[in-house]
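This is what each chain is made of:
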Amino acid sequence: MLIKKAADIRSSEITPKNVYLRRREFIQAGSAALAGAGIVAAGWNAWGGDALAQGGGLPKLPNIKKSPLSTSEAPSEYQYITSYNNFYEFAPGAGDGPKKNSGKFKATPWTIEVDGLCNKPGKYQLEDFIKPFTLEERIYRFRCVEAWSFVIPWVGIPLSEFIKRAEPQGKAAYLEMTTLVDRARFPMQSTDLLEWPYKEGLRLDEANHPLTILAVGLYGEVLPAQNGAPIRLVVPWKYGFKGVKSIVRMRFVEKQPINTWQAMARNEYGFYANVNPMVDHPRWSQAREKRLPSFIANHRTEMFNGYADQVQSLYAGMDLRRNF
Ligand SMILES: Nc1nc2c(c(=O)[nH]1)N[C@H]1C(S)=C(S)[C@@H](COP(=O)(O)O)O[C@H]1N2
Ligand SMILES: [Mo]
């Protein structure tokens, strides 16, 4: 019952209504030849203009080092990255709901608990949690399982640095990460839309991979609420749902954790969630993606979201059709 409800909302909310209406207009105009340029222009208008200012006027983060691990592709506009989101604690489905419903969200103070199979468990205030590390700008491709994509200039720290400090024990094979539960701050947690808290997990070697980061910023500023303030996971070769937002707990465990979308619909979402254009979602193709604000699937999806050279060895010998 839960699953059906979530599924219904997801399929109807994938496209914001204003965008959908414009697409209808466009289709009624009847000229497929106009597709490329016209569709992109319509997207810009539907999303509120052509402001080129980057950043959202939020506090700037200090001493950010540029990373050689960034893609050379041009980042998507700030206004799109922050107005087309998926964050069920604020609103169902993907679109501008999370932005609209998170205006009053406060991310301070913020405590992160580190526990499970490690020698240095503890509770940290966010400032202390990130203080020992150098912030890096990481411009990464981002691919949602619902076939839209962005290029996002995150600011964060390598997850491996945190893991080193926590000193995982020999038995620790996975890292589980959990979102805050607080009905006062997350309105949808008063409903049974998802099972709360939202949870994600990585195998420890995935978590230690140099591309995996904990992001605390976007465009050089602190994260806006809708993108997962104040700290969220970013794993660029995996579908977006692995990127658990507003993390309050990091737990080292022996067994593979059950992540939220796997719990909601096991036949559609797995633990690994590696971007794979050859394995279709049961309800749609994964071969191409819409690089927003385009309405059409204007990009071919690449294996491991274009990071195959760096990450495919993590999955040597695994059947990626079964381990999706
Ligand atoms: N806590 C929490 N984390 C979450 C989600 C969510 O609903 N709740 N949605 C996930 C999904 S499906 C995607 S695609 C990404 C979207 O990240 P973005 O809004 O910053 O693009 O967040 C992921 N992290
Ligand atoms: Mo997603």
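These notes cover the structure that comes with them. (Residues numbered from 1 in each chain as written. Chains lettered and ligands numbered in written order. Predicted model: local features only at pLDDT ≥ 70, side-chain atom pairs only at ≥ 80, totals over all residues. Heavy atoms only, no water.)

1. A closer look at the site of ligand 1
Piece 1. Taken together, 17 residues lie near ligand 1, and Asn-85, Tyr-88, Glu-89, Gly-243 and Lys-245 sit nearest.
Piece 2. Between ligand 1 and the protein, one listed contact pairs a nitrogen atom with a side-chain N or O atom of Thr-179 at 2.9 Å.
Piece 3. For ligand 1, whose unbound accessible area comes to 530 Å², protein coverage reaches 99%.
Piece 4. Residues of the shell around ligand 1, tallied by class, amount to seven nonpolar, seven polar and three charged. (Near = heavy atom within 4 Å. Polar contact = N/O pair within 3.5 Å; in protein donor to acceptor, adjacent residues only side chain to side chain. Areas by Shrake-Rupley, 256 points an atom, 1.4 Å probe, with all protein chains shown as cover. Nonpolar A, V, L, I, M, F, W, Y, C, P; charged D, E, K, R; others polar.)

2. Focus on the environment of Gly-243
Piece 1. Relative to the helices and strands, Gly-243 resides in the loop between strand 12 (232-234) and strand 13 (247-253).
Piece 2. Here the alpha-carbon distance between Gly-243 and Cys-144, two residues 99 residues apart in the chain, equals 10.0 Å.
Piece 3. What Gly-243 contacts, discounting residues up to four positions off in sequence, is Arg-232 and Leu-233. (Helix = DSSP H or I, 4+ residues; strand = E, 2+ residues; numbered from the N terminus. Contact = heavy atoms within 4.5 Å.)

3. Digging into the sheet that holds strand 9 (residues 199-203)
Piece 1. Pairing in this open sheet of five strands is mixed, and the strands run 5-4-13-8-9 from one edge to the other. The sheet terminates laterally at strand 5 (122-125) and strand 9, the two strands that pair on one side only. Sheet twist, expressed as the average angle between the axes of neighbouring strands with direction ignored, equals 15 degrees.
Piece 2. Where strand 8 (residues 174-179) meets strand 9, five bridges bridge the pair, whose relative direction is antiparallel. Across the sheet, Met-177 pairs through a bridge with Glu-200, a residue of strand 9.
Piece 3. On the sheet, helix 7 (residues 159-166) packs against strand 4 (111-116), strand 5, strand 8, strand 9 and strand 13 and is oriented at approximately 60 degrees with respect to strand 13. (Pairing = 2+ DSSP bridges. Axes fitted to C-alpha atoms, helices over the stretch in contact; angles between N-to-C directions.)

4. Structural notes on the layout of surface pockets
Piece 1. Reported here for the largest pocket is a volume of approximately 360 Å³.
Piece 2. Along the wall of the largest pocket there are 17 residues; nearest its centre are Ala-107, Val-222, Leu-223, Ala-229 and Pro-230.
Piece 3. The biggest single contributor to the lining of the largest pocket is helix 6 (residues 126-130), with three residues.
Piece 4. Taken together, the residues that form the lining of the largest pocket break down as 14 nonpolar, two polar and one charged.
Piece 5. Estimates place the volume of the second largest pocket at around 230 Å³.
Piece 6. Lining the second largest pocket are 18 residues; nearest its centre among them are Tyr-239, Glu-268, Val-279, Asp-280 and Phe-324.
Piece 7. Class assignment for the residues of the lining of the second largest pocket results in nine nonpolar, seven polar and two charged. (1 Å grid on protein atoms, 1.4 Å probe; cavity = no way out; pocket = protein on both sides within 12 Å on 5 of 7 lines; lining within 4 Å. Points joined across faces, edges and corners; volume = space filled by probe spheres on them.)

5. Here we look at the nonpolar core
Piece 1. Ranked by internal contacts, the top residues of the largest apolar core, which has 86 residues, are Leu-159, Phe-162, Leu-175, Ile-231 and Phe-252.
Piece 2. With six residues, strand 7 (residues 148-158) is the largest single contributor of residues to this core. (Core = buried A, V, L, I, M, F, W, Y, C linked by side-chain atoms within 4.5 Å. Buried < 20%, exposed > 50% of the residue type's maximum accessible area, 1.4 Å probe, protein only.)

6. Some points on helix 7
Counting along an α-helix, one turn takes 3.6 residues, and residues three or four places apart therefore face a common direction.
Piece 1. Of the residues making up helix 7, those classed as buried are Leu-159, Ser-160, Phe-162, Ile-163 and Ala-166. Down the axis of helix 7, the buried side of the element spans an arc of 160 degrees, and every buried residue falls inside it.
Piece 2. Looking at the residues trailing helix 7, positive phi occurs at Glu-167, about 55 degrees. (Arc of directions from axis to C-beta.)

7. Description of the pattern of salt bridges
Piece 1. Counted by the stated rule, this structure contains 18 salt bridges.
Piece 2. Its salt-bridge partner being Glu-136, residue Arg-138 comes within 2.8 Å of it at the nearest N-O pair. Take Arg-138 and Glu-136: they sit in the same class, and that class is buried.
Piece 3. Between Arg-185 and Asp-182 there is a salt bridge, and its shortest N-O distance comes to 2.9 Å.
Piece 4. Judged by its relative accessible area of 24%, Arg-185 is partly exposed.
Piece 5. For Asp-182, a relative accessible area of 21% corresponds to the partly exposed category. (Salt bridge = Lys/Arg side-chain N within 4 Å of Asp/Glu carboxyl O.)

8. Overview of empty space enclosed by the protein
Piece 1. Following the criterion strictly, the structure yields three cavities of 30 Å³ or more and no others.
Piece 2. Roughly 340 Å³ of internal volume is contained in the largest cavity.
Piece 3. Looking at the largest cavity, it is lined by 26 residues, and the ones nearest its centre are Asn-86, Phe-142, Gly-240, Phe-241 and Lys-245.
Piece 4. If you tally residues by element for the lining of the largest cavity, the top one is strand 7, at four residues.

9. Some words on the side chain of Glu-77
Piece 1. Summarising the element assignment, Glu-77 is placed in the loop between strand 1 (64-66) and helix 4 (78-81).
Piece 2. Despite its burial, Glu-77 remains without a salt bridge, the nearest opposite charge being carried by Lys-99 at 12 Å.
Piece 3. There is a polar contact of 2.8 Å between the side chain of Glu-77 and the side chain of Gln-54. (Lys, Arg positive; Asp, Glu negative; His and termini not counted.)

10. Focus on the side chain of Asn-274
Piece 1. Along the chain, Asn-274 turns up in the loop between helix 9 (260-264) and strand 14 (288-291).
Piece 2. Taking relative accessible area as the criterion, Asn-274 reaches 9% and is therefore assigned buried.
Piece 3. Leaving out residues up to four positions away in the same chain, Asn-274 has contacts with Trp-237, Lys-238, Tyr-239, Phe-304, Tyr-315 and Leu-320.

All quantities given are derived from atomic positions and should not be read as evidence of function.
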